[in-house]
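The primary structure of each chain is shown beneath.
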Amino acid sequence: MQIVPRSLIHHSITLSLHHSILTMSKLAINGGQKAVPDDIGFRTWPEITKEDEELVLASLRQNQHASGPHVQMLQSEFAAWNGTKHCMATNGGTGALHMCVAGCGVGPGDEVITTALSWTSSATAIIHHNAIPVFVDVDWETMLIDPACVEAAITPSTKAILVVHYFGIACDMEAIRDVADRHNLKVIEDACQAHGSTWKGTKVGNFGDAGAFSLNQNKNLCGGEGGFFVTNNDEVLQRGKAVTSFSDMRPPEAGRDFHDYGLGWMYRTSDLAASFALSQLRKLDKTNGQARANWYRLSEALKGTPHLVPSFSSDDQPTNGYSYVVRTDPGYAKERGVKLSNLTNAVSKALGAEGLPTSRANWMLPAHTVFQAKNAYGKGSPWSDGHCQREVNYDVAQFPVAQDCVDTCLWNVNTHRPPNGDRQVDAFAAAVRKVYENLDEVPVENG
Ligand SMILES: Cc1ncc(COP(=O)(O)O)c(C=O)c1O
């Protein structure tokens, strides 16, 4: 038997410890060990339970599939849950936003001020009623519409402000209401990502003249697809209703006369979709609570991570747990001499290699072709319709903060929402920490 000297054993233990610490901290993209274990089992949102199956089957087993009983229950239960007088279930948030615009009496040539940073529907819903979106910049910390920019963008043609409670954070509704009231403007709330988000304790959808929610797959309340139009105002309800259900404006008890009273669309939802959403709604307090708890655990674990911009939440504007947004300090990209957008692509790749999938998206709305070309319906309509009082400027250089947000925003909803729990959240945090603590080692393409 060969005798190995003690000093050599000690040396080789130290070497292998050294090696494993090195491969642990060495980024996976550079050949190191992954931060997220292979068996982590990130679970896709939402969790489907027996209650979902039973309610969906109950819808199938009755025979009113249009305007059915589950649609009625969904509307009244969401109105009660949100503390809002009226709620109409729709087939999407986009249709609900269009109903808001119409409900607020916005029409051809009217300008509606909205954020440069959102999902496309926040702006296209304005065009759906032949009005003109006017974009303004956002606040860096919250990524929400900046009330000071709103005030500066008001013209004699301004009819409404459409705010977006982006990434589940409520806008500063005191400041927005103040501007709106002083200039006699309507307020529309795009709450599509913000079920249960609050401003100073009051749920969104209760500050504006009308509000819209989405029930699309990745939203805190999922119905596969779907939406809600909400308002506390009877007149807004009537005008909003007039664009859905084929412009049928008469009360249900009047029966149908199959006459077009105006131009109508079809935004109703089916009983089947409503039954799924209803079942999810009945556990929304629980799932929102879990998403929030996971979000706060992540936030705590990521405190002090170098170059990482913490995802926003505050006492007045607490998150509903929609998404923990990963952003990099733009100053780091500058110092390193790389483009922020290229750095973000590289970070996303590095996180992916560690086992944490994230997505990027171009939500700089004025940059999209429909606005740059000023052509939605063809022949330059609605900008060319003769109702516009002035030429609106969509030069993206006006929105430097929104541009930085777009250039650095990474997100995911399937790595922290329930049924994911502590183990998945801790793995999420470990991957982000590792990449940011070794950010100098992340290979970045330039140019
Ligand atoms: C901010 C925002 N507004 C509007 C919408 C449109 O909702 P839907 O897809 O249900 O039409 C979405 C959906 O992603 C959204 O995130």
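Residues numbered from 1 in each chain as written. Predicted model: local features only at pLDDT ≥ 70, side-chain atom pairs only at ≥ 80, totals over all residues.

Focus: the overall build of the chain
No. 1: Helix and strand counts for the chain come out as 15 helices and 11 strands.
No. 2: Against the compact-globule benchmark of 22 Å for 447 residues, the chain has a radius of gyration of 25 Å, which places it among compact chains.
No. 3: With the C-alpha coordinates aligned to their principal axes, the bounding extent of the chain is approximately 100 × 55 × 40 Å.
No. 4: For the chain, with 447 residues in total, the buried portion stands at 47%.
No. 5: Contacts in the chain between residues at least 24 apart in sequence constitute 73% of all its contacts with a sequence separation of at least 6. (Helix = DSSP H or I, 4+ residues; strand = E, 2+ residues; numbered from the N terminus. Rg over C-alpha atoms; globule rule 2.2 N^0.38 Å. Buried ≥ 20, exposed ≤ 12 C-beta atoms within 10 Å, placed from the backbone. Contact = placed C-beta atoms within 7 Å.)

Remarks on the site of the ligand
No. 1: Around the ligand sit 14 residues, and of these Gly-92, Gly-93, Thr-94, Cys-192 and Ser-214 come closest.
No. 2: Of all elements in the fold, only helix H4 (93–103) and helix H5 (121–127) reach the threshold of two or more residues within the shell around the ligand. (Near = placed C-beta within 6 Å.)

Observations regarding the pairing of strand S1 (residues 86–90)
No. 1: Within S1, 5 of the 5 residues are buried, which leaves the element mostly enclosed by the surrounding structure.
No. 2: Across the two faces of S1 the burial is the same, with His-86, Met-88 and Thr-90 and Cys-87 and Ala-89 all buried.
No. 3: Of the strand pairs in this sheet, S1 and strand S9 (residues 227–231) are connected by 5 bridges, and their pairing is antiparallel. When the sheet's bridge partners are listed, Ala-89 is paired in S9 with Phe-228. (Pairing = 2+ DSSP bridges.)

Points about the sheet that holds S9
No. 1: The 7 strands lie next to each other as S1-S9-S8-S5-S4-S2-S3, forming an open sheet whose pairing is mixed. If you trace the sheet from one side to the other, it starts and ends with S1 and strand S3 (132–136), each paired once. Strand after strand, the sheet turns through a mean of 20° between neighbouring axes, direction not considered.
No. 2: Examined bridge by bridge, strand S4 (residues 158–164) and strand S5 (residues 186–190) share 5 bridges and lie parallel to one another. When the bridges of S5 are listed, Leu-162 appears paired with Ile-188.
No. 3: Of the strands in this sheet, S1 and S9 touch helix H3 (residues 69–82), which is tilted by about 135° from S1.
No. 4: The strands that helix H7 (residues 173–183) touches are S4 and S5; relative to S4, the one it contacts most, it runs at about 170°. (Axes fitted to C-alpha atoms, helices over the stretch in contact; angles between N-to-C directions.)

Considering the domain arrangement of the chain
No. 1: In terms of domain boundaries, the chain breaks down into domain 1 (50–282) and domain 2 (284–364 + 399–447).
No. 2: Computed over C-alpha atoms, the centres of domain 1 and domain 2 are 28 Å apart.
No. 3: Between domain 1 and domain 2, the residue contacts involve 30 residues of the former and 24 residues of the latter.
No. 4: Contributions of two or more residues to the side of domain 1 that touches domain 2 are made by strand S6 (198–199) and helix H9 (271–281). (Domains from an automatic or database assignment.)

Some remarks on the packing of helix H12 (residues 340–354) against helix H14 (residues 400–408)
No. 1: At a closest axis distance of 7 Å, the pairing of H12 and H14 adopts a crossing angle of 25°. Classed by the angle they form, the pair H12 and H14 counts as roughly parallel. Across from Leu-340, Ser-341 and Thr-344 in H12, the residues of H14 making contact are Asp-404, Asp-407 and Thr-408.
No. 2: Considered class by class, the residues forming the contact of H12 with H14 number 1 nonpolar, 3 polar and 2 charged. (Parallel < 35°, antiparallel > 145°, perpendicular 65-115°, else oblique. Nonpolar A, V, L, I, M, F, W, Y, C, P; charged D, E, K, R; others polar.)

Digging into H3
Every α-helix carries 3.6 residues per turn, so stepping three or four residues along brings you back to the same face.
No. 1: The end-to-end C-alpha distance of H3, which contains 14 residues, comes to 20 Å, matching closely the 20 Å that a straight helix rising 1.5 Å per residue would cover.
No. 2: Those residues of H3 that fall on the buried side of the exposure criterion are His-70, Val-71, Leu-74, Gln-75, Phe-78 and Asn-82. Here the buried residues of H3 occupy an arc of 140° about the axis, which is enough to place them on one side. Across H3 from its buried face, at more than 90 degrees, point the exposed residues Ser-76 and Ala-80.
No. 3: Positive phi shows up at Gly-83, right after H3, with a value of about 75°. (Expected span 1.5 Å × (residues − 1). Arc of directions from axis to C-beta.)

Observations regarding unusual backbone geometry
No. 1: Look at the link from Ser-381 to Pro-382: it is a cis peptide, with omega at 10°.
No. 2: Here Pro-382 shows up in the loop between helix H13 (369–372) and H14.
No. 3: With an omega of 10°, the peptide bond between Pro-418 and Pro-419 qualifies as cis.
No. 4: If you trace the backbone, Pro-419 turns up in the loop between H14 and helix H15 (422–437).
No. 5: Its identity as a non-glycine residue notwithstanding, Phe-167 has a phi of 50°, on the positive side.
No. 6: Looking at the secondary structure, you find Phe-167 in the loop between S4 and H7.
No. 7: We classify Phe-167 as buried; it has 23 C-beta atoms within 10 Å.
No. 8: One non-glycine residue, His-307, adopts positive backbone phi at about 70°.

What about the confidence of the model for the chain?
No. 1: Across the chain, the average pLDDT comes to 94, with 94% of residues at 70 or higher.
No. 2: Segment residues 1–5 is flagged for pLDDT under 50; beyond a separation of four residues in sequence, or across chains, it makes 1 contact in the model. (pLDDT = per-residue confidence, 0-100.)

Remarks on the pairing of S4
No. 1: Among the 7 residues that make up S4, 7 are buried, leaving the element largely enclosed by the rest of the structure.
No. 2: When strand S2 (residues 111–115) meets S4, the two strands line up parallel, connected through 4 bridges. Opposite Thr-114, over in S4, you have Leu-162 as the bridge partner.
No. 3: With H7 bridging S4 and the parallel S5, this β-α-β connection has right-handed handedness. (Right-handed = clockwise from strand over helix to strand, strands pointing away.)

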